[in-house]
Amino acid sequence: MASDTTAVVELARKIRVDVLRMTHKAGASHAGTSLSIADVLAVLYGSVLRIQATEPEWPDRDRLVVSKGHSAAAVYAVLAQSGFYPRTWLDTFCQDGSRLAGHVTRGVPGVEASTGSLGHGLAIGCGMAIGAKRSRRRYRVFVLMSDGECDEGSTWEAALFGPHHKLDNLVAIVDYNKIQSLGSVKEVLDLEPLAEKWRAFGWSVQEVDGHDHEQLLEALGRAPLAKGRPSCIIAHTVKGKGVSFMEHQLAWHYKSPDAEQLREALQELEVPR
Amino acid sequence: MRKAFISALREVAAADDRVFLLVGDLGYTVVEPFAQEFPDRFLNVGVAEQNLAGIAAGLASTGKVVFTYSIGNFPTLRCLEQIRNDICYDRAAVKIVAVGGGMAYGSLGMTHHATEDLAIMRALPGMEVIAPGDPTETSLATRAIAARPGPGYLRLGKAGEPVVHTKPPPFTVGKAITLSRGCDVTFVSTGGMLAPVVQAAEQLRRKGIGVGVISMPTVKPFDSDSIRAVAEQCELIITVEEHNVIGGLGSAVSEVLAAERGMGGGLKRLGIQDRFYDEIGSQEYLRAQAGLTAVQLAETAETCLAERRSPGARVGKPLRKRQGSGTREQA
């Protein structure tokens, strides 16, 4: 576990550095939401997912559907760090003629679904999971969701479906950073008690600190959490995590760091914590 | 038509173990035989059409050919964005089947009338749209779309539609089926309007009018060649569909004719040519990819004008004016 944690910590740091450089260069938004999932992605790609970067469509691979498609910068960064394509691609993020759009899009090696409209991913994940069951394949399906998309009715259609069909190869991860597009989750449309809602729907639920690598490794590493039903891991996170002036700030859902802000942010991050 | 559909689908599923049927808690007395015969490949997802479409997309990504089945607008409009993003963009092998096309659910009221579905499905890049004219075409269409890659929409009537084709006609996705030819007027029909159209044609023939009937089960990809040929041979084309006149069969025919000859002037439609832009870049960059910058617009206009004015150009000719009337059935 110790060596795992060291590698994962470093991967998370690299994701954050890439996210900041990418959003700065592209003038792109969604830095905050990309930073909030950096640790979850680092644990998934650094330790949990059974994938082959050289064979992205390997039939028995674990699937990760990133339903919160606006966190594309972080996803593209971790895929490059994991060897799915050259890191030079990241320099082209959102630029004319790039392969990397501002939302997670199929066609990029390692991407399982085109997302950007919220509330689609869990249903797609259910389809993949039941496909595995019916074909007697052993891969797992992870769906990384935002808290905001728990507002979508379609999320709860899929939440009903998973337990009914005993999809214990399905793991939903909610990036619960408590801030959505126009305000805090509490102000816009309160989700609490969120864990109780997923439990009531029949999911096996575990709440973790979404920036604590040990906790993430423990929960995601042993997922599925229970036999006979899907798992939901609620990751309590901080929007903008890792850059002091971005943390908990709604504005960093939209703003792109300027040169000075990038310099400051990288200074904070270059020091391994 | 729904019986013809399920019976054909059972045959398809028996021969191809990739074929799944997903229903949105509808299909009473229709889908049960499939469910009994192929329990591992049947799934009732409940009253949840967004989930229906999303699950179908996910399942198709694992190598399955997935039919989704519901009634009216439920499997199309209710989950339109899932169809666009999750199915069409990924070219997923999902075949959407709606029972109750047009006003088949008559007295159940407006909520159950599928009268804009052809237009909306047709506007989605990659989506094939088929509205069979009778149970025979339904059976042929079911087999045909199961064998095609990518997404499809099969728009059925309900039950008890008369059989128009007493023997199976040649059926190819994207091809018209010509039932008869005539010089005065040709009906082009899609979906269950075929039977009344055939009856109307008989009435007109008794009056000595030369009438042709074309069944156009495939609204997309569209058989433009057949329409051009009819326009050359026949004075009047009448499109018939149980659907809004905007965006469906009538629009598809208009688009062909307007581009060919138009209102004496011709028409060139610039825009996004039925595709998704997976190229990445700014609006200006993407407009350039689509030929929509000011410079490109001017260039295209000049090119089109030059083509039209070149000797031997077949564009811009007016519809052939017919003299007199009477029966002029063609060979």
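The rules behind the values
Residues numbered from 1 in each chain as written. Chains lettered and ligands numbered in written order. Predicted model: local features only at pLDDT ≥ 70, side-chain atom pairs only at ≥ 80, totals over all residues. Heavy atoms only, no water. Helix = DSSP H or I, 4+ residues; strand = E, 2+ residues; numbered from the N terminus. Rg over C-alpha atoms; globule rule 2.2 N^0.38 Å. Buried < 20%, exposed > 50% of the residue type's maximum accessible area, 1.4 Å probe, protein only. Contact = heavy atoms within 4.5 Å. Areas by Shrake-Rupley, 256 points an atom, 1.4 Å probe, with all protein chains shown as cover. Lys, Arg positive; Asp, Glu negative; His and termini not counted. Salt bridge = Lys/Arg side-chain N within 4 Å of Asp/Glu carboxyl O. Buried area = accessible area lost by both parts, 1.4 Å probe. Axes fitted to C-alpha atoms, helices over the stretch in contact; angles between N-to-C directions. Left-handed = near helix turned anticlockwise from the far one by under 90°. Nonpolar A, V, L, I, M, F, W, Y, C, P; charged D, E, K, R; others polar. Domains from an automatic or database assignment. Polar contact = N/O pair within 3.5 Å; in protein donor to acceptor, adjacent residues only side chain to side chain. pLDDT = per-residue confidence, 0-100.

A. Just the overall build of chain A, in detail. Counting its regular elements, chain A contains 10 helices and seven strands. Rg of the C-alpha trace for chain A: 17 Å, near the compact-globule value of 19 Å for 273 residues, within the 12% margin. Considered along the principal axes of its C-alpha atoms, chain A spans approximately 50 × 45 × 40 Å. Counting the 273 residues in chain A, one finds 59% classified as buried. Put simply, of all contacts in chain A between residues at least 6 apart along the chain, 75% involve residues at least 24 apart. As presented, chain A carries roughly 10,200 Å² of accessible surface, and 51% of it is formed by carbon and sulfur atoms.

B. The side chain of E157 of chain A, seen in detail. Take E157 of chain A: it is sitting in helix α6 (residues 153-164). Buried charge without a salt bridge: E157 of chain A, with R78 of chain B as the nearest opposite-charge side chain at an N-O distance of 5.1 Å. Ignoring any residue separated from it by four or fewer positions in sequence, one finds E157 of chain A in contact with A48, E49, Q50 and N51 of chain B.

C. Layout of the interface of chain B and chain A. Every contact between the two is made by 29 residues of chain B and, on the other side, 30 residues of chain A. For the pairing of chain B and chain A, the buried interface totals around 2,300 Å² over both sides, and the portion due to carbon and sulfur atoms is 53%. Sorting the residues of chain B by area buried against chain A places L43, N51 and I280 of chain B first, and these three jointly supply 25% of that buried surface. Run the count over chain B and chain A and you get two salt bridges. Here R106 of chain A and D90 of chain B are joined by a salt bridge, their closest N and O atoms 3.0 Å apart.

D. Quick look at the packing of helix α1 (residues 2-15) of chain B against helix α6 (residues 135-146) of chain B. Residue and element names in this part refer to chain B. Running from amino to carboxyl end, α1 crosses α6 at an angle of 35 degrees, the nearest separation of the two axes being 8 Å. Classified by chirality, the crossing of α6 by α1 is right-handed. Judged by residue contacts, A4, F5, A8, L9, E11 and V12 of α1 engage P135, T138, S139, T142, R143 and A146 from α6. Residue classes in the contact of α1 with α6 are distributed as seven nonpolar, three polar and two charged.

E. Quick peek at the side chain of T186 of chain B. Secondary-structure assignment places T186 of chain B in strand β8 (residues 185-189). Those residues in contact with T186 of chain B that lie beyond four places of it in its chain are G212, V213, I214, V230, C234, L236, I237 and I238 of chain B.

F. Main features of the domain arrangement of chain B. All names here are of chain B. Here chain B is partitioned into domain 1 (2-155) and domain 2 (177-330). Computed from C-alpha atoms alone, the centre-to-centre distance between domain 1 and domain 2 is 28 Å. Counting residues at the interface gives 27 residues for domain 1, matched by 25 residues for domain 2. Where domain 1 abuts domain 2, roughly 2,000 Å² becomes buried across the two surfaces, and 56% of that area is made up of carbon and sulfur atoms. Contact with domain 2 buries area across many residues of domain 1, yet R122, P125 and E137 alone supply 31% of it, more than any other trio. If you look at where domain 1 meets domain 2, you find one salt bridge. Where domain 1 touches domain 2, the interface holds 15 residue pairs in polar contact (both at pLDDT 80 or more). Sorting the residues of the side of domain 1 that touches domain 2 by element identifies α4 (80-88), α5 (117-122) and β5 (128-130) as the ones contributing at least two each. The element that contributes the greatest number of residues to the side of domain 1 that touches domain 2 is α5, accounting for four residues. For the side of domain 1 that touches domain 2, a count of residues per class yields 15 nonpolar, five polar and seven charged.

G. Main features of the confidence of the model for chain B. All names here are of chain B. On average, residues of chain B score 93 in pLDDT, and 92% of them reach the 70 mark or higher. Counting interchain partners and residues more than four positions distant, the pLDDT-below-50 stretch residues 315-331 has 38 contacts. Scored by ipTM, the complex comes to 0.94, with pTM at 0.94.

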